[in-house]
Amino acid sequence: MLVRRAQNGDMRAFEELVERHRAVVFRVAARVVGPHEADDVSQDALLRAYHRLDSYRGEGSFRSWLLRIVHNTALNQLERRVPEPVGGSDDIEQAAPPREGAREPVSRLEARERTERLELKLSGLRPEHRAVLVLRDLEGMPYEEIALITGSPLGSVKGRLHRARNELIEILRNNTYDWELPR
Amino acid sequence: MNDEPDAGPAERRLDEHLDMLRATPPVPGKALVPRVVRRARLQSYLRAPLRVVGMIGFAFVQGLAALIGGGRKSS
């Protein structure tokens, strides 16, 4: 009903829709394009969705329809980006340094550093691989929904996910940091 | 991934690492929703006048082309 109201020009309804889905939109955008461009990609995707509201026919969930726009916007953004070397041999310098003066327990600092390293390695995956891995392994979405979002057949999604995981495992194995991944 | 029976030991270990990312999801700023709604509202206000301007411009170009074409024929 909310979608129907938004389609009829009710701006309050659109605002409510954005409020409901902003977290997942931002998470997916941030994991695919990185945190610095996530805000722009989220905004761009939500505005595109606003202008295309009429094209949502209720086949599948509104979230899937919206995330398809986010997915496409994020991949377009990555295509426009100038390629930069990713997944270098040592990422200690690339990980954000701890804030000066901030006192954190060592275990928490280590956990944060590991998380940042892993985020960096994730960004080294090919965009289409990264997207399915984010949707399945981080967002926990069913394969059917991922197929809708990416516009790919179910079999392709499963194959791509398998390759994405293997690609990430290989990236981590080749890292100087030991991720303890059995062969 | 853990619930997938064909996942190998490396994939299961990877899934444990991914737990760290799942535990720290990126969170949007509070300004995102108001900014999107403001822009959507502005764009919807501008859409109708811009369409009219576009139609006038198109009609003007068509008229100009007809005038020039008509002038050439008569010469």
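Everything discussed here concerns the structure shown above.
Conventions used here
Residues numbered from 1 in each chain as written. Chains lettered and ligands numbered in written order. Predicted model: local features only at pLDDT ≥ 70, side-chain atom pairs only at ≥ 80, totals over all residues. Heavy atoms only, no water. Helix = DSSP H or I, 4+ residues; strand = E, 2+ residues; numbered from the N terminus. Buried < 20%, exposed > 50% of the residue type's maximum accessible area, 1.4 Å probe, protein only. Areas by Shrake-Rupley, 256 points an atom, 1.4 Å probe, with all protein chains shown as cover. Contact = heavy atoms within 4.5 Å. Buried area = accessible area lost by both parts, 1.4 Å probe. Salt bridge = Lys/Arg side-chain N within 4 Å of Asp/Glu carboxyl O. Polar contact = N/O pair within 3.5 Å; in protein donor to acceptor, adjacent residues only side chain to side chain. Phe/Tyr/Trp six-rings, centres within 6.5 Å; stacked < 30°, edge-to-face > 60°. Expected span 1.5 Å × (residues − 1). Bend = angle between axes of the 7 residues up to and from the residue. Arc of directions from axis to C-beta.

Some thoughts on the overall build of chain A
Here's step 1: Summing up its helical and strand segments, chain A has eight helices and zero strands in all.
Here's step 2: Each helix and strand of chain A, placed in order from N terminus to C terminus, yields the pattern α-α-α-α-α-α-α-α.
Here's step 3: Each of the 183 residues in chain A was classed as buried or not, and the buried ones make up 45%.
Here's step 4: Taken as a whole, chain A presents about 10,000 Å² of accessible surface, with 48% of it coming from carbon and sulfur.

A word on the interface of chain A and chain B
Here's step 1: Counting from both sides, the interface comprises 40 residues of chain A and, opposite them, 29 residues of chain B.
Here's step 2: Surface buried jointly by chain A and chain B totals about 3,400 Å² across both partners, of which 65% is contributed by carbon and sulfur atoms.
Here's step 3: Contact with chain B buries area across many residues of chain A, yet R22, Q43 and R165 of chain A alone supply 16% of it, more than any other trio.
Here's step 4: Scanning the region where chain A abuts chain B turns up one salt bridge.
Here's step 5: The salt bridge partner of R35 of chain B is D39 of chain A, with a shortest N-O separation of 2.5 Å.
Here's step 6: Counting every contact that joins chain A to chain B gives seven residue pairs in polar contact (both at pLDDT 80 or more).
Here's step 7: Those elements that provide at least two residues to the side of chain A that touches chain B are α2 (11–33), α3 (35–51), α5 (106–122), α6 (127–138) and α8 (154–173) of chain A.
Here's step 8: The element best represented in the side of chain A that touches chain B is α2 of chain A, accounting for eleven residues.

Things to note about the packing of aromatic side chains
Residues and elements named next belong to chain A.
Here's step 1: Across all of its chains, the model carries four aromatic pairs over all chains by this definition.
Here's step 2: Their ring planes at 55 degrees and their centres at 5.6 Å tell us that Y56 and W65 sit as a pair that is tilted. Comparing Y56 with W65, the two get one shared label, buried.
Here's step 3: Each residue in the set Y56, F62 and W65 is aromatic and connected to the rest through ring pairs, giving one cluster.

Some points on α2 of chain A
All names here are of chain A.
Here's step 1: The end-to-end C-alpha distance of α2, which contains 23 residues, comes to just 28 Å, noticeably less than the 33 Å that a straight helix rising 1.5 Å per residue would cover.
Here's step 2: Roughly 55 degrees is the biggest bend found in α2, and it falls at H21.
Here's step 3: With a side-chain oxygen positioned 2.9 Å from the backbone nitrogen of R12, the residue opening α2 is D10.
Here's step 4: Looking one or two residues past α2, G34 carries a phi angle of roughly 100 degrees, positive in sign.

Quick word on α5 of chain A
All names here are of chain A.
Here's step 1: With 17 residues, α5 ought to run about 24 Å at 1.5 Å a step, and its terminal C-alpha atoms sit 24 Å apart, in line with that.
Here's step 2: Where α5 is concerned, the buried positions are T115, R117, L118, K121 and L122. Taken end-on, α5 shows its buried residues confined to a sector of 165 degrees, consistent with a single buried face. The outward face of α5, more than 90 degrees from its buried face, is lined by the exposed residues V106 and R108.

Comments concerning the environment of D40 of chain A
Residues and elements named next belong to chain A.
Here's step 1: Mapped onto the elements of the fold, D40 is located in helix α3.
Here's step 2: Owing to a relative accessible area of 55%, D40 belongs among the exposed residues under this scheme.
Here's step 3: In this structure the C-alpha to C-alpha distance between D40 and R165, which are 125 residues apart in sequence, comes to 28 Å.

Overview of the pattern of salt bridges
All names here are of chain A.
Here's step 1: As enumerated under the stated definition, the model contains 16 salt bridges over all chains in all.
Here's step 2: The closest approach of N and O atoms between D44 and R48, which form a salt bridge, is 3.4 Å. Remark: R48 and D44 occur in helix α3; sequence separation between them is four residues, near one turn of the helix.
Here's step 3: Its salt-bridge partner being E145, residue R63 comes within 2.7 Å of it at the nearest N-O pair. On the criterion of sequence distance, the pair formed by R63 in helix α4 (residues 62–80) and E145 in helix α7 (residues 143–150) is long-range, its members being 82 residues apart.

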